[in-house]
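Residue-level listing of the chains:
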Amino acid sequence: MAIVISHADWLAAAQERYGKHAKDWRFVCAACGHPQSAKDFADAGVDPKKIPDTLGISCVGRWLPAPRDAFDKGPGPCNYAGYGLFRISPIHVVIEGQDEPVYVFDFADRPLAAQRAEAVTA
Ligand SMILES: [Zn+2]
């Protein structure tokens, strides 16, 4: 189930987990579950200026040789692209003034989905 969250609340949740710098934030791919950070994208050869556009949105496997297909089974990383036809990322970040949310991966540590589930069962 998707979690809809304001941009401000999402930033606060990220900073609470990892600090101010997005380069330290970690996400899990919505398709393959592979954890990834900005360092993994840099290591894969992604232009550092472009990392903020893709971290938490598309799987790092897109920039690695021979990733598995996003919708196959098995370990990642995979070739999932968040801006493609299939919007499976569980976190929908609502940006003021934008009609469509930004679809992002959940955090690798203390995922929002797990917290939401705890809140429901508590
Ligand atoms: Zn993946």
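For the structure, check the block above.
Basis of the calculations
- Residues numbered from 1 in each chain as written.
- Predicted model: local features only at pLDDT ≥ 70, side-chain atom pairs only at ≥ 80, totals over all residues.
- Heavy atoms only, no water.
- Donors = N, O, S within 2.8 Å, 3.2 Å for Na, K, Ca; no water.
- Helix = DSSP H or I, 4+ residues; strand = E, 2+ residues; numbered from the N terminus.
- Buried < 20%, exposed > 50% of the residue type's maximum accessible area, 1.4 Å probe, protein only.
- Contact = heavy atoms within 4.5 Å.
- Pairing = 2+ DSSP bridges.
- Core = buried A, V, L, I, M, F, W, Y, C linked by side-chain atoms within 4.5 Å.
- Expected span 1.5 Å × (residues − 1).
- Arc of directions from axis to C-beta.

(A) Highlighting the coordination of the zinc ion. Within the protein, Cys29 (SG), Cys32 (SG), Cys59 (SG) and Cys78 (SG) serve as the donor atoms for the zinc ion, at 2.3 to 2.4 Å. Considered as a linear motif, the donors of the zinc ion on their single chain read C-x2-C-x26-C-x18-C. Taken together, the residues Cys32 in the loop between β2 (26-28) and β3 (35-37) and Cys59 in the loop between α3 (51-54) and β4 (91-94) connect sequence positions 27 residues apart. Judged by its relative accessible area of 14%, Cys32 falls in the buried class.

(B) The side chain of His92, seen in detail. By the element assignment, His92 lies in strand β4. The class for His92 is buried, based on a relative accessible area of 16%. What His92 contacts, discounting residues up to four positions off in sequence, is Ala2, Ile3, Val4, Ile5, Pro101, Val102 and Tyr103.

(C) Summary view of the pairing of β4. Summarising the sheet, strand β1 (residues 3-6) and β4 pair through four bridges and their orientation is parallel. Bridge assignment links Ile3 to a residue of β4, and that residue is Ile91. Across three bridges, the pairing between β4 and strand β5 (residues 102-104) is antiparallel. Paired with His92 across the bridge in β5 is Tyr103.

(D) Broad picture of the sheet that holds β3. Reading across from one edge, β3-β2-β6 is the order of the three strands in this open sheet, with antiparallel pairing throughout. The open sheet has two edge strands, β3 and β6 (106-107), and neither has a second partner. Pairing between β2 and β3: three bridges, direction antiparallel. For Phe27, the partnering residue across the bridge sits in β3 and is Gln36.

(E) Representation of the nonpolar core in the model. By size, the foremost hydrophobic cluster in this structure holds 27 residues, and its most contacted members are Trp10, Ile91, Phe107 and Leu112. Only β1, α1 (7-18), α2 (38-43) and β4 provide two or more residues apiece to this core. Take this core: its biggest share by element is four residues, from α1. When neighbours within four sequence positions are excluded, Leu112 is seen to be in contact with Ile3, Ile5, Trp10, Ala13, Arg17, Ile91, Asp106 and Phe107.

(F) Structural context of α1. The end-to-end C-alpha distance of α1 is 16 Å, a good match for the 16 Å that twelve residues give at a rise of 1.5 Å each. Turning to α1, its buried residues number three or more, namely Trp10, Ala13, Ala14, Arg17 and Tyr18. The buried side chains of α1 occupy one side of the element, clustering within an arc of 105 degrees when seen end-on. More than 90 degrees from the buried face of α1, the exposed residues found are Ala8 and Glu16. Following α1 by one or two positions, Gly19 adopts a phi angle in the positive range, close to 95 degrees.

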